[in-house]
Structures are given as C-alpha cells and as structure tokens.
Amino acid sequence: MIHFVLLISRQGKVRLTKWYSPYTQKERTKVIRELSGMILTRGPKLCNFVEWRGYKVVYKRYASLYFCMCIDQDDNELEVLEIIHHFVEILDRYFGSVCELDLIFNFHKAYYILDEILIAGELQESSKKTVARLVAAQDSLVEAAKEEASSISNIIAQATK
Amino acid sequence: MALSGMRGLSVFISDVRNCQNKEQERLRVDKELGNIRTRFKNEKGLTPYEKKKYVWKMLYIYMLGYDVDFGHMEAVSLISAPKYPEKQVGYIVTSCLLNENHDFLRLAINTVRNDIIGRNETFQCLALTLVGNIGGRDFAESLAPDVQKLLISSSCRPLVRKKAALCLLRLYRKNPDVVNVDGWSDRMAQLLDERDMGVLTSCMSLLVALVSNNHDAYWSCLPKCVKTLERLARNQDVPQEYTYYGIPSPWLQVKTMRALQYFPAVEDPNTRRSLFEVLQRILMGTDVVKNVNKNNASHAVLFEALALVMHLDAEKEMMSQCVALLGKFIAVREPNIRYLGLENMTRMLMVTDVQDIIKRHQAQIITSLKDPDISIRRRALDLLYGMCDVSNAKDIVEELLQYLSSADFAMREELSLKAAILAEKFAPDLSWYVDVILQLIDKAGDFVSDDIWFRVVQFVTNNEDLQPYAALKAREYLDKPAIHETMVKVSAYILGEYSHLLARRPGCSPKEIFIVIHEKLPTVSTSTIPILLSTYAKILMHTQPPDQDLQRQIWAIFSKYESCIDAEIQQRAVEYHALSMKGAALMDILAEMPKFPERQSLLIKKAEDSEADTAEQSAIKLRTQQQTSNALVLTDQRPANGTPQVNQLGLVKVPTMSNADPSTAEQGLTHANGALTIVDPQPPSTTSPDLLGDLLGTLAIEGPPGPVTAPQSDPRVASGLEGGVDALAIATVEDQTNAVQPIGDIAERFHALCLKDSGVLYEDPHIQIGIKADWRAHQGRVVLFLGNKNLGALSSVQALILSPSHLKIELSLVPDIIPPRAQVQCPLEIINLHPSRDSAVLDFSYNFGTQLVNVKLRLPAVLNKFLQPIPISAEEFFPQWRSLSGPPLKLQEVVRGVRPMLLAEMANLFNSLNLMVCPGLDPNANNLVVSTTFYSENTRAMLCLIRIETDPADRTQLRMTIASGDPTLTFELKEFVKEQLISIPITSRVATPPMAPQGQPLSPPTALLSSDPGAMLAGLL
C-alpha cells in the first residue's frame, strides 16, 4: 500500500502531504526532512526508486516538483510510478497544463483530486474521465450552494432596504 | 486559475511567498495564527465562509511545516455542517491534520456514521473517504457493517461502492475481525463479477488484503481472478477510458496477479492452463517502446507476471525464459528496469534449478555494483550476497573488498558485514578467510563490528595450522604506518598468543614484536590497552631465555598502569606485574587460550535474525524464510565456533588438573576479567557449566554477567571438588576408546541442546552430527544431519537408538556410506509415553580408512522437551494448587547444595526449561511460582505447578513444592528440577580428556599434574 504521498518543490517546500499510515506530527516533519534530503539531491539519470528505512519511495520529477509515494518493499514499483503519472495527468487536465503555482494557490483542489484517485493508500479509480467528472460535480455543488447563499443574502438585503 | 471567492486565503499565500527569508515567513505565519486564534475564540461571529477560510489557512500553515496545535476542533466541527461546501472542507482538512489516534476523531464518529447511512450520496462519499484514509480501530468496530452494506448494495452507484470497498479494506487492516469470513467469502466472489472497472479495481485491492491473511476461505475467487486477468490481457470488453497508453488497466492486472500469488497453487488443470497461457503471452509480448509511460505500465505488468510465474513453480522452460528476460533487463540502459531486474533476480534465487543460470550473469551484476545510482548498487550487493556459494565465493568476496574502498559511507557497514559473513560461510580455506577479514579491517575498520574480529580470533585459536599464518599476517599489518584500532586489537591478540611461532623469522623476535606493538599504544583508546597489556605479558612469558631489558621495559609499563583510572587496565597491570615476578608459575597462568566452544556464528545468526525480522506474510518472503532455515542447518556443518567473549579476554588460563572441561574454566576466568581470584575454578557439576554456559553465551556479548561466578567465593567447595569431572560426560566418554578425539565437549553440547532445538550434537575431525528438533506436545521429530567433513567417504555408517522404556523412537534408514563433503539427513520420530528423566542414547559408528570410530551419544529428548510453558492467572492457580493436596500428587523437599544464583537467573533458567515463571502470584518476592504443561501419551496434557521458596540469606538452599495430577510426573519433575538446581560433587576419576593437552604445547607437564588449582593459588599468594 501507499503509506504517504508528498509533493515537494525543488527548493524543499512542501506542496501537498497525505498520510495513509498513522504518523505523528513529529514523525511527519522528520520524514519530510529526511526524504527531501535524499531525493532532491539525486541526479537526473538515476532510477525512480529510493530505499528508505525498509520501505521504498517511488518518486518522479515534473518541472520543479517532485511527486513521491512511499510503498512497501515488495510492492510493484512501476505500478506506483504510473499512479503518480496518472495523478499528474488528471491535475493537468483539471487546471489546463498545470504548474506549481496552480498547486500553491489551489492546494485544496489538489487534495480533492487526490481523494478521488487514492483511498486507504490504494488506487480507487484509473479512469481519468471518471475522476474529472466527479471533481466537476463537486465543484458545481459548491457553486450552487454559493449562488443560493448570495441569492438569499440579496433577498435579505432587499427586504431590509 | 484564480481561487474562486477566497481572497483572504490567496492574499495570505502570496504574502508568505513574498517573504524574503525564513524569519519573515515565520513572523507572517505567527501573525496569521494569532489572528485565527482570536477569530476562533469568539466563534459566534464567524460565518461558515470565514470558518472555511481559516481552516484552509491552518492547513496551509501546517503544510509549510509549522506546528498548528489549535483549531482541530473547528475543523472537526465543520464535518457536521449541513451544507456541502462546509462539510467538504471539514472532512478534507480533518483527514489531513489528524491521524487515526487523535482523540477528536472519536467525537466525530457519530456524525460520520450518520453521513454513511444517510441518503445523500455526496455525503456518503466524503464520509467513506475520511474513514478510508484515517479510520482507526474505533471506526472499524462501529462502522464496518454499514460500509459492507454499501459495498454490496444494488442501489448504490459505483462512485459510492468503490469508496466503500477501500474503506472496508482500511477497516479490515485495523481490525481483521470486522470481516466475518464465513459470510463474506461468497460475497467477495460475487463482487469480482463487477462490470464497473473502478469498483472492480477497488474490490481487487480488498481481495489482496483478505487472501494475504486467509487464502483458504477465498478459493472461490481464484478462477474469477484468472478470468479477469484473461479478459484484461486479451483486451476483451475493456472500456476505452480504462486503457492506459493502450494497455488495459495495468493496475488491475497487477493487483489480480498479486492476489493470485497468495493462493498456494492453482489445482484445477483448466484454470492452470489458461493462466499459464496468459502469463506466457505477457512474458513474450512485452516489448520495449519509446513512450516512457507505456513502457513503465507494460513492465509493471511484466514484473508482476514474473513474480507469479516464480510463485507457481512453472516448468523449467518457463523459468529459464524468466531468467533470460531478467538477464536482459540487468544490462539495459533504462535505470528503472535495471533496478527491477536485479531485484527480481534476487527473488528468483529462491527458485531451485535456476541458480546456475543466474551465475552466468555474475560479471554484469558486478558491474552494477559500480553503478552511479545507490539504489541499483544496493540491489546488486543483495543479489551478489544471495547468489554466493562455495563455487564463486572467492570472486565475489574479493570484488566486494575491492569495492569497499570506493563505496559510499551509507553502504560500507552493510558491505563489510556481508563480506565477512560470506567469507565465513564459504571460505575454501581458512587462511583465505583470515586474509579477507584482515583486509576488511584494514579498509573499513570503522565499519567492522567487534563480532567480526572476535570471530577471526576464534578461528585462529581453534585451528592450529592457521596460527603461524595469522601471526605472520598480523605482523605484516603492524608495519603499515597508520592502522585502524581494530587492527591493533586483533594483531596484538594474535601476536600475544602465537608470535613465538614466528620467532626465527627476521623482525619477529619477542623484542621486535613488542616494540612494533608498543608503538601503537599512544594511539589507542582505553578499550584496547587491556588487550595490549595481556599481549605484553604473553610476550614476556614466551621470551626464552628471558631478556632482562625487555622485562624491565614491560614491567615499567605495568607499573605505570597500576595507577590507571580505568579499573580493567589497572587490574590487569597489577596482576600481570605480580604474576610475571613469579617466574615459572607465569607459564601456567598465561598458557595458550583453549579452544572456543562451538556455537553458531554470531554473524550468521545476526544475518538470519534480520532476515526474519523483515519477513512478512507475503508469498515471496515465506519462501525466503524456508530457505534460511535450511541454510542454518548447512552452516552448522561448517566448523562453526562459539560466541567469543573477547570483550573480556583475559589471556589467563587455569591449569585445571582434569582438563575435562576447559571451556568451563575459561568462562569462569573471562567473566572475572582475569582477576587472580579466578584461579579458583567453578565447581564442576552435572549441569552448571553447560546450562550457565549457554545462558551466558547469549549474555556475554552485552557485558560481564558477574554474579554467576559466585561459587568462587567458596574455596571449600572448590577444593573438595578438585579433579571433578562432569558426571554425565563420563557416561559417554568412558566407553570411547577411539583413536579419534571429538572436537568440543560432548556433554556440553548435549546440555546446550537440552535448552535449544538445533545445534551440533557431536563433532570429530571426520564427521559432524547436527541436530534439529521440532517438538509438538508428546511428539517430536528430530532430524540428524550427518555431515562428512572429509574428502574421502565414510563407510559402514551405523546408527542404533537405545531408547528407554518411556520413549518410542523410530529412526529412518541411515545410509551405509556418506560420500565426501556430503550431508545426509536422518529423521527420528519420537513419542513420549510416560514421564521419565532417562534419556535415549544414539550408538553411532563409522569407518574412515582403517579407523573404526564408535561413539555413544545421549539424545536431547529430555523431560523438558515435552513441556510447554503456560501462563496462569491467580484465579486459576490457587484452586488448582489447593485441589492437589499432599503426596503423592504434591511433593515438597528442602534442597541443599543449590548452585547459588540470583532470583532473576533462576527465573531465566526455569523459563529456558519451558517452565514458565509467573510473576505476581506469590506475595513473597523471594519466591517463584512456575507453571507448565507436560505431555505424554499416558498423561495427555497435564498441568504442573511449582513453587520455589528461596532464602535470601542462604542461597545454597531452597524449598521446592511440585504438584501435578500424576504421581510419577510429580516425582520425575521434582528430580529433574533438582538436577538443574544443584551441584553434585562427584568423586574424581581420571577421564580421558576430550580435549587432549595438545592445545597447549608450551605448558609444562607439571602444570597438568599439579592437582589442586586452589592450593596452587595459595602458593602464588
């Protein structure tokens, strides 16, 4: 299973963290520090796997961002590498050629999307189309609620004029 | 894309980004946290929008790495908001900020449950996602039935059901009891007929978790998995949106094949055939293409297929096909594939028959050891380690040594440990082994643990032929300008013992040796100085005729250290100084160290332990474990020697008269750190040396287990026991008129085996008999491993079992001839009929050339093997204890002459005999209460209770009460326990020492004749 997902920028800034195994706040900080040290220093032509404390971390760099997923030693590494790519493709489709800034200012969207792809550290949906549809449905629910709220406040505003 | 409507959040993020440095960022963040805190305090005034905004800010700050120790409540409370936008934020932020052990989560269980069982599909999704991601045991117990209902409901849409499947998986991981196997296995099989691929993917993950724990219940899923795999591999009926770069859901393919690996075999021939067809198609049809993602996805499937083929034990042809593929992979340029090729080749080693094909790739694997990528280097090292055997050990170890000097820091320790283990396991000759270890210390001294150099000292001590060579090598290393401290230790030790063997060589006179060692003294730490002092004392002793000048120098050093602050150094200095003035007596005291008792190599044990630690219940690893257990037996066959206690190496050895049990004397000595008092030997007794020796063996590594040598304080006992030999040892030794002398002490080996289930029963220059036992209730299965150590065959091999009346023993056929360097296994089936302390004897004989060797060996099928420890509570104990009243079911005896030991040691002793000490039952802290179950065919399982009352003022006596439901059992157990506790003095008889004095050629014969070490000590003082 995937124990956690990390998005780290080349400068070592954390852009997203998702923990499927229980780690305390302290452990989380330590893990991030250790792994940034290991992964950000790796050269470009090396393999996408790092062995770490009895686990494996599968990572891939997209522009200035490193996507990392930590898995068990005998999990299938390539499968997870492509889960990363699957996630990136969906982000790309959602934001329209995604860049780091999108993920900074809309970090909450990245969480929504990730929740449609992984649960319990396992892949839940491998169809990009389905994920996009579900995320769009959520967005429209939020929009609808907002419009409703503003129309109510309009009514109140007019009534109290 | 702008953040719709949440300006405050965007502004805050921009502010943080615009901070010039970390300090500014902290200020900005602190300001914001203060702001949020005040806003949360007067919660009344917060609109839902504001609450959302602040909770998001909190998450952002948390992600930046700052502690956010408030506001969790606000995040959790949003979960119960009525509207979707707030609820959504509440769920997401909660699942990011908290982990499953957080108290606040418990508060939310009810709300979450209401959302799960409610009618609103979107709320269901949010709740299932939260539980799936951070649900703990509490959630598992209260929500599992609801989640199961959603998963199998026909009215739920796929988006809910796939989440429910993974949510259930999480709950199952937290508490496997929440899935009721009986009811669920059919449901699981139905779920595999699912048409929606998203749901099917999630269900397959769930199945993997379920079958990994209990494959038996899910047999009906096996054919469905094969069907699914077939459908995917042939791309039949797979919707376009579920193909990934042209490959029908690679993830589902991988998961399906993973699930199949948990079933032990595919029995139905049709299913098996179609499965192999699919696998063959995957193996042959996967090509390397340009597109990275397509390549990765297809190879993810391919590697999983390889694992499945290995698991299924396919025909040899298919296996060789796999090895060929892997051979191709480890040579490609793509680093991921190279990495995985090496990793899977290591797994492939578990498959018999293919090792030889793998060996053909050795050169390529060695190249990977120099790969720029540490991940790949690690894999290559593991593979080389795994594929090493006698045939290629020399090449591989030398390659590792060469690589050691350039290897990165992170790998050196592992590398040197692995090289040491391989060198020991597969050394073609011992001098090569010494070379390797010395090189290892020379190149990577910092990474060579003490165990490694202890081990080489043992080998040298136990192999006379090796001693001059090792001494010469050690001498050579000392000429190097800067050597590692470990090298100083090992060379000083070896030269102290054996430098006299080099005396005629240039540069090897005692004086020269002394000078070259003494040069190192200023550079070493306090832990090394005691070893150097011992070396000096030994050199002095070996200088014949005495060299006045050298003597003066060494005495000066001793007197200098007599006031050293370190107690160990001081003691040695004082003692050696005093001893060396005694002239001739020095010879005896400083005689050569005796051979070490045979024990399993600590290094190899360590390696096995670490393998066992990481082993989980996966199919591959189960197999690994089986392999290592075989390896254990094989390594037993090697001249494996004992756990060295070199951290307390006193080079002093007692001239015991009987010399029957040198290791006992040596143990007694080393524990007391070579102090003078130790010349008083441990009273030899029936049981103590072995039992204690074994207990200590495990402890000695940690530190000196001081109190055990307590008997020394009682010289009366010691002198009364002079020349005493192990009473039981006589029984076996006396009959043996063989020309061939056993290696190691037979009685000691027997006693060690009484406490453990595998080890060496007997060894002589021609044969080693190892034993491995498995005890289940009143039955036992013992395998004898007869290993021929010679290059010639052993003929007329015969084994007879002389079994006492209470044991039924069946020995399978023993072959007449054991071929050179071969090992044969002879299983024994043992049934315990009724309680008795007698033991069975193995009458073993063989011919080597013209020599006939016959030995009678007691088999460690003793009473305590049929005991199983059982914990007992006060509520169970007292009624039982009362109901068994008085003789013959309950016997009491005051035992005197008990070997003095601390209560904790006694408790350890009992526990090691499968007699379980139950603390807390007896209010008196000086008493022990012990419970165990005895098994025999007559008595069946029989509970036995023991109470030991000790007297802290007099440790040599105690009162023992034993109760069980069978009179014979009570009596036999009482006698058995008594034997373990007391030291029986035995009138001496001159036994043939199993270890003839050849071990100490330089000791004058007078030493062996002087009858009373105690008296001699008195003379010295």
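Residues numbered from 1 in each chain as written. Chains lettered and ligands numbered in written order. Predicted model: local features only at pLDDT ≥ 70, side-chain atom pairs only at ≥ 80, totals over all residues. Heavy atoms only, no water.

### Quick word on the overall build of chain A
Looking only at helices and strands, one finds 5 helices and 7 strands in chain A. Reading the helices (α) and strands (β) of chain A from amino to carboxyl end gives β-β-α-β-β-β-α-α-α-β-β-α. Here chain A, with 161 residues, has 61% of them falling under the buried criterion. With an accessible surface of roughly 6300 Å², chain A has 57% of that area assigned to carbon and sulfur atoms. (Helix = DSSP H or I, 4+ residues; strand = E, 2+ residues; numbered from the N terminus. Buried < 20%, exposed > 50% of the residue type's maximum accessible area, 1.4 Å probe, protein only. Areas by Shrake-Rupley, 256 points an atom, 1.4 Å probe, with all protein chains shown as cover.)

### Concerning the side chain of S21 of chain A
Residues and elements named next belong to chain A. Relative to the helices and strands, S21 resides in the loop between β2 (14-19) and α1 (25-39). Given the relative accessible area of 14%, S21 is considered buried. Side-chain polar atoms of S21 contact the side chain of H3, separated by 2.8 Å. Those residues in contact with S21 that sit more than four places away from it in its chain are M1 and H3. (Polar contact = N/O pair within 3.5 Å; in protein donor to acceptor, adjacent residues only side chain to side chain. Contact = heavy atoms within 4.5 Å.)

### Focus: the sheet that holds strand β5 (residues 779-788) of chain B
Residues and elements named next belong to chain B. Pairing is antiparallel across the open sheet formed by 5 strands, whose spatial order is β3-β4-β5-β8-β7. Whereas interior strands pair on both sides, the edge strands pair on one side only; in this sheet they are β3 (758-763) and β7 (807-811). With direction set aside, neighbouring strand axes in the sheet form an average angle of 25°. In terms of strand pairing, β5 meets strand β8 (residues 823-832) through 9 bridges, oriented antiparallel. What sits directly across from G787, in β8, is Q823. The strands touched by helix α38 (residues 746-755) are β3 and β4 (767-776); relative to β3, the strand with the most contacts, the crossing angle is about 160°. (Pairing = 2+ DSSP bridges. Axes fitted to C-alpha atoms, helices over the stretch in contact; angles between N-to-C directions.)

### Here we look at the packing of helix α2 (residues 77-95) of chain A against helix α4 (residues 107-117) of chain A
Two quantities define a packed helix pair, namely the angle between the helix axes and the distance between the axes. All names here are of chain A. Following both chains from N to C, one finds α2 and α4 inclined at 130°, their axes separated by 11 Å at the closest point. As far as their axial angle goes, α4 and α2 are oblique. Between α2 and α4 the crossing geometry is right-handed. Between α2 and α4, the contacting residues are H86, F87, I90, L91, Y94 and F95 on the first element and K109, A110, I113, L114 and I117 on the second. Here the residues of the contact of α2 with α4 sort into 9 nonpolar, 1 polar and 1 charged. (Parallel < 35°, antiparallel > 145°, perpendicular 65-115°, else oblique. Left-handed = near helix turned anticlockwise from the far one by under 90°. Nonpolar A, V, L, I, M, F, W, Y, C, P; charged D, E, K, R; others polar.)

### Details of the interface of chain B and chain A
Contacts between the two partners involve 80 residues from chain B and, on the opposite side, 70 residues from chain A. Summing the contributions of chain B and of chain A, the shared interface buries around 6600 Å²; its carbon and sulfur component is 53%. With a closest N to O distance of 2.0 Å, E343 of chain B and K56 of chain A form a salt bridge. Our count for the contact surface shared by chain B and chain A stands at 36 residue pairs in polar contact (both at pLDDT 80 or more). Of all the elements, helix α9 (residues 158-174) of chain B adds the most residues to the side of chain B that touches chain A, at 9 residues. Tallied by class, residues from the side of chain B that touches chain A come to 38 nonpolar, 22 polar and 20 charged. (Buried area = accessible area lost by both parts, 1.4 Å probe. Salt bridge = Lys/Arg side-chain N within 4 Å of Asp/Glu carboxyl O.)

### Focus: the side chain of N48 of chain A
Within the fold, N48 of chain A resides in the loop between α1 and β3 (49-52). Relative accessible area serves as the criterion here: at 14%, N48 of chain A is assigned to the buried category. Here the side chain of N48 of chain A touches N336 of chain B through a polar contact of 2.7 Å, side chain to side chain. For N48 of chain A, the contacting residues outside a window of four places in its chain are V57, V58, Y59, K60 and L81 of chain A together with N336 of chain B.

### Quick look at the pattern of salt bridges
All chains considered together, the criterion is met by 69 salt bridges over all chains. For E949 of chain B, the salt bridge is made with R947 of chain B, and the minimal N-O distance between the two is 3.7 Å. Taking the relative accessible area as the measure of exposure, E949 of chain B reaches 15% and is therefore buried. When its relative accessible area of 23% is taken as the criterion, R947 of chain B is described as partly exposed. Each of E51 of chain A together with R378, R379, D382, E414 and K418 of chain B takes part in a single network of salt bridges with overlapping partners.

### Let's talk about helix α7 (residues 121-134) of chain B
All names here are of chain B. With 14 residues, α7 extends 20 Å between its outermost C-alpha atoms, agreeing within 8% with the 20 Å of an ideal straight helix rising 1.5 Å per residue. Buried residues dominate α7, accounting for 12 of its 14 residues. Three or more residues of α7 are buried, namely F123, Q124, C125, L126, A127, L128, T129, L130, V131, G132, N133 and I134. (Expected span 1.5 Å × (residues − 1).)

### Some details on the packing of aromatic side chains
All names here are of chain A. By the definition in use, this model includes 28 aromatic pairs over all chains. Each ring, one from F67 and one from F87, has its centre 6.0 Å from the other, and the planes form 80°; the classification is edge-to-face. Taken together, the positions of F67 in strand β5 (residues 65-72) and F87 in helix α2 put the pair 20 residues apart, joining distant regions of the chain. Assigned by exposure class, F67 and F87 land together as buried. (Phe/Tyr/Trp six-rings, centres within 6.5 Å; stacked < 30°, edge-to-face > 60°.)

### Brief notes about the confidence of the model for chain B
Residue and element names in this part refer to chain B. Per-chain confidence: chain B averages 78 in pLDDT, with 81% of residues scoring 70 or above. Overall, residues 612-737 carries pLDDT values under 50, and its contacts beyond four positions in sequence, including any with other chains, amount to 282 contacts. Note on residues 984-1021: pLDDT is under 50 here. Beyond four places in sequence and across chains, it has 59 contacts. The ipTM assigned to the predicted complex is 0.94, against a pTM of 0.64. (pLDDT = per-residue confidence, 0-100.)

### Brief notes about the pairing of β5 of chain A
The side chains of a regular strand alternate, residue by residue, between the two faces of the sheet. Residue and element names in this part refer to chain A. For β5, the tally of buried residues reaches 8 of 8 residues, placing the bulk of the element in the interior. As paired strands, strand β1 (residues 2-9) and β5 are joined by 7 bridges and run antiparallel to one another. When the bridges of β5 are listed, L6 appears paired with C68. As defined by bridge partners, strand β4 (residues 55-62) adjoins β5 across 8 bridges and the pair is classed as antiparallel. Within β5, the position partnered with K56 by the bridge is I71.

### Notes on the packing of helix α28 (residues 529-542) of chain B against helix α30 (residues 567-580) of chain B
All names here are of chain B. Running from amino to carboxyl end, α28 crosses α30 at an angle of 10°, the nearest separation of the two axes being 9 Å. With respect to α30, the element α28 is oriented roughly parallel. The segment α28 lies against α30, with I529, P530, I531, L533, S534, A537 and L540 engaging E568, I569, R572, A573, Y576 and S580. A breakdown of the residues in the contact of α28 with α30 according to their chemical character gives 9 nonpolar, 2 polar and 2 charged.

### Focus: the environment of D67 of chain B
Secondary-structure assignment places D67 of chain B in the loop between α3 (48-63) and α4 (72-78). A distance of 3.1 Å separates polar atoms of two side chains, one belonging to D67 of chain B and the other to Q25 of chain A.

### Focus: the sheet that holds β5 of chain A
All names here are of chain A. Spatially, 5 strands are ordered β2-β1-β5-β4-β3 in an open sheet, and the strand pairing comes out antiparallel. Here the strands that pair on one side only, and so sit at the sheet edges, are β2 and β3. Taking each pair of neighbouring strands and ignoring which way they run, the sheet shows an average axis angle of 20°.

### Thoughts on helix α14 (residues 269-285) of chain B
All names here are of chain B. Taking 1.5 Å per residue as the helical rise, α14 with its 17 residues ought to reach 24 Å, and the 24 Å between its terminal C-alpha atoms agrees with that figure. Turning to α14, its buried residues are T271, S274, L275, F276, V278, L279, I282 and L283. Against α12 (221-233), α13 (250-260), α15 (292-312) and α16 (316-329) lie the buried residues of α14.

### Details of the environment of S931 of chain B
All names here are of chain B. Take S931: it is sitting in strand β14 (residues 927-936). Taking the C-alpha atoms as reference points, S931 and C918, separated by 13 residues in sequence, lie 7.0 Å from one another. Excluding anything up to four places from it in sequence, S931 contacts P869, I870, P871, I872, L915, M916, C918, C944 and L945. Polar contacts involving the side chain of S931 include one to the main-chain carbonyl oxygen of I870, which spans 2.4 Å.

### Some details on unusual backbone geometry
All names here are of chain B. Going from P887 to P888, the amide bond is cis rather than trans, its omega being 0°. In this structure, S796 takes a positive phi of about 45° despite not being glycine. Within the secondary structure, S796 is located in strand β6 (residues 795-802). Its identity is not glycine, yet N914 carries a phi of approximately 70°, on the positive side. As for its position among the elements, N914 is in the loop between α40 (903-912) and β13 (916-917).

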